[in-house]
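Given next are the chains, with one letter for each unit.
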Amino acid sequence: MLEWELKKFKRMFPNLKHEVDGTKIPTILDHFEKCRNESEALEIIDFFEKEGEITEEMANYLRANISKYKELFGTRKAGDYERRGL
């Protein structure tokens, strides 16, 4: 059996490391919860697309349907990472 150094494992498989630890990786919808308005949500979509976190197709879908996500805006404060009621 292979033994991995923790640092190497974290570097090679950051998302898997979060799953193993039970920590949550924020999604774009989690970031929408911190937005105050549509303009901020569009900036987040642009950033996620630029960084390769979402595809161009997903980014275009989110932009076209941004009004469906307005109920998420302002439901979480910066630094508040735990979802309540789930």
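Coordinates for the structure precede this section.
Residues numbered from 1 in each chain as written. Predicted model: local features only at pLDDT ≥ 70, side-chain atom pairs only at ≥ 80, totals over all residues. Heavy atoms only, no water.

Draft legend 1. Region of interest: the packing of helix H4 (residues 38-50) against helix H5 (residues 56-64). Across the interface, H4 lies against H5 with an axial gap of 9 Å and an inter-helix angle of 175°. Classified by the angle between their axes, H4 and H5 sit roughly antiparallel to one another. Packed against H4, whose contacting residues are Leu-42, Ile-45, Asp-46 and Glu-49, the element H5 presents Glu-56, Ala-59, Leu-62 and Arg-63 at the interface. (Axes fitted to C-alpha atoms, helices over the stretch in contact; angles between N-to-C directions. Helix = DSSP H or I, 4+ residues; strand = E, 2+ residues; numbered from the N terminus. Parallel < 35°, antiparallel > 145°, perpendicular 65-115°, else oblique. Contact = heavy atoms within 4.5 Å.)

Draft legend 2. Seen up close, the pattern of salt bridges. In the structure shown here, the tally under the stated rule is six salt bridges. Glu-38 is paired through a salt bridge with Lys-70; the nearest N and O atoms lie 3.3 Å apart. Of the two residues, Glu-38 sits in helix H4 while Lys-70 sits in the segment after H5, which places them 32 residues apart along the sequence. Relative accessible area serves as the criterion here: at 30%, Glu-38 is assigned to the partly exposed category. Arg-63 serves as the salt-bridge partner of Asp-46, at 2.8 Å between the closest nitrogen and oxygen. Taken together, the positions of Asp-46 in helix H4 and Arg-63 in helix H5 put the pair 17 residues apart, joining distant regions of the chain. A residue is classified by how much of its surface remains accessible, and Asp-46, at 40% relative accessible area, is partly exposed. Salt bridges here are not isolated pairs; linked through shared partners, they connect Asp-30, Glu-33 and Arg-76. (Salt bridge = Lys/Arg side-chain N within 4 Å of Asp/Glu carboxyl O. Buried < 20%, exposed > 50% of the residue type's maximum accessible area, 1.4 Å probe, protein only.)

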